[in-house]
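# Structural description and commentary
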Amino acid sequence: MVRILQELGDSPELLHLAQNREAAERWLANNQYGRAYLEEFSADEVGADVIEGRTTA
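Here is a short report on the structure shown in this document. (Residues numbered from 1 in each chain as written. Predicted model: local features only at pLDDT ≥ 70, side-chain atom pairs only at ≥ 80, totals over all residues. Heavy atoms only, no water.)

Under the definition given, this model contains one aromatic pair. Taking the centre distance of 6.0 Å and the plane angle of 10 degrees together, the rings of tryptophan 27 and tyrosine 33 count as stacked. For tryptophan 27, a relative accessible area of 18% gives the class buried. Over the face of the ring belonging to phenylalanine 41 we find arginine 3, whose NZ or CZ atom lies 3.9 Å from the ring centre. (Phe/Tyr/Trp six-rings, centres within 6.5 Å; stacked < 30°, edge-to-face > 60°. Buried < 20%, exposed > 50% of the residue type's maximum accessible area, 1.4 Å probe, protein only. Lys NZ or Arg CZ within 6 Å of the ring centre and 35° of its normal.)

Structure follows, in structure tokens:
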């Protein structure tokens, strides 16, 4: 999975979640954001966050 994020002050803003990099790039091409960037992550990463009590703000 790929997060599409945009820098917003001190923390990133989640714009979209895509199934893969190709889908993320396609979404970004259709939704222009000047400071957007892609960040790949796995389901294991999300599971570890839940188990360890981390949440997104």
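Having put the structure on the table, let's press on.
Bridge count for strand E1 (residues 2–8) against strand E2 (residues 11–18) is seven bridges, and the pairing is antiparallel. Pairing of leucine 5 across the sheet is with leucine 14, part of E2. Counted along the chain from E1 to the antiparallel partner E2, the turn is two residues long, and its residue glycine 9 has a positive phi close to 70 degrees. (Pairing = 2+ DSSP bridges. Helix = DSSP H or I, 4+ residues; strand = E, 2+ residues; numbered from the N terminus.)

Reading across from one edge, E2-E1-E3 is the order of the three strands in this open sheet, with antiparallel pairing throughout. Across the chains shown, the open sheet's two edge strands, defined by having one partner strand only, are E2 and strand E3 (36–40). The average undirected angle you get between the axes of adjacent strands in this sheet is 35 degrees. (Axes fitted to C-alpha atoms, helices over the stretch in contact; angles between N-to-C directions.)

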